[in-house]
Amino acid sequence: MSNISLMQQALGSQWEQLPPTLKAHYQHDPNTEVGELDIEYPGFMQPYLSFMRLLGALVNRRGKAIPITVETRMEGSRQRWKRTLHFPDGQEILFNSTCVYAGGNELIEYVNAFLGMRMAVTVEDGKLNYAGRHYVLKLGSVLLPIPEWLVLGHTTVVETALDDANFAMDFRLTHPWFGEVFRYAGAFQTIS
């Protein structure tokens, strides 16, 4: 297996348009980043997000400038993500996922063994953009697509290099009926 990262595989020739900071973020080698996140969502989403947490998805607690550590590593053709959020009251929330290459410019990020999100990635003006395609229910080797509006809405992520060591990330879920139902955004530094 080559040392090409999943993101490099999905972006193809667009990989060269990424700033070095974002290339370091998506490197093939094990990686650790630290940062702070703002987490926002409307009150009516609390029960739904608490249910989604039981499935391993997202974060069901709001906060400003929440310290976070993100660790990634490759295991064969999969990339494991371990996110640890450190809330001021001492509570830690883990948000783990596994990414796989899905062909073309698409990746699937699984939050557990059966539920994932298929997203397309592109580079525009040096920024990395994710756009949700649909959610995925994995039953053995069968992948059943679930329309975005049936779950949480359309996913967008924009990652922007701030300088040679830091980048910003803005993740949003926007439902066609309810508007923006979840957002987390912050700045990160790759430390290894």
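Residues numbered from 1 in each chain as written. Predicted model: local features only at pLDDT ≥ 70, side-chain atom pairs only at ≥ 80, totals over all residues. Heavy atoms only, no water.

Participant: Report on helix α3 (residues 46-54), specifying residues and quantitative values.
Facilitator: Considered for burial, the residues of α3 that qualify are Leu 49, Met 52 and Arg 53. Down the axis of α3, the buried side of the element spans an arc of 105°, and every buried residue falls inside it. Within α3, the exposed residues directed more than 90 degrees away from the buried face are Pro 47 and Leu 54. Buried residues belonging to α3 abut β4 (92-103), β6 (115-124) and β11 (179-190). Gly 56, located one to two residues past α3, shows a positive phi value of around 95°. (Buried < 20%, exposed > 50% of the residue type's maximum accessible area, 1.4 Å probe, protein only. Helix = DSSP H or I, 4+ residues; strand = E, 2+ residues; numbered from the N terminus. Arc of directions from axis to C-beta. Contact = heavy atoms within 4.5 Å.)

Participant: Lay out the pattern of salt bridges in plain terms, naming residues and giving numbers.
Facilitator: Here the structure, examined in full by the defined rule, presents 12 salt bridges. Note that Arg 133 is salt-bridged to Glu 106, the shortest N-O span being 3.2 Å. One end of the pair, Arg 133, is in strand β7 (residues 127-139); the other, Glu 106, is in strand β5 (residues 106-110), and 27 residues separate them in sequence. A salt bridge links Asp 170 to Arg 183; the shortest N-O distance between them is 2.8 Å. Here the residue Asp 170 occupies a position in strand β10 (residues 166-175), and Arg 183 occupies one in strand β11, the gap between them amounting to 13 residues. (Salt bridge = Lys/Arg side-chain N within 4 Å of Asp/Glu carboxyl O.)

Participant: Break down the environment of Asn 129 for me, citing the residues and quoting the values.
Facilitator: Tracing the backbone shows Asn 129 in strand β7. Expressed as a C-alpha distance, the spacing of Asn 129 and His 28, which sit 101 residues apart in the sequence, is 19 Å. Excluding anything up to four places from it in sequence, Asn 129 contacts Ala 120, Val 121, Thr 122, Glu 124, Val 157 and Val 158. Among the polar contacts made by the side chain of Asn 129, one reaches the main-chain carbonyl oxygen of Lys 127 at a distance of 3.3 Å. (Polar contact = N/O pair within 3.5 Å; in protein donor to acceptor, adjacent residues only side chain to side chain.)

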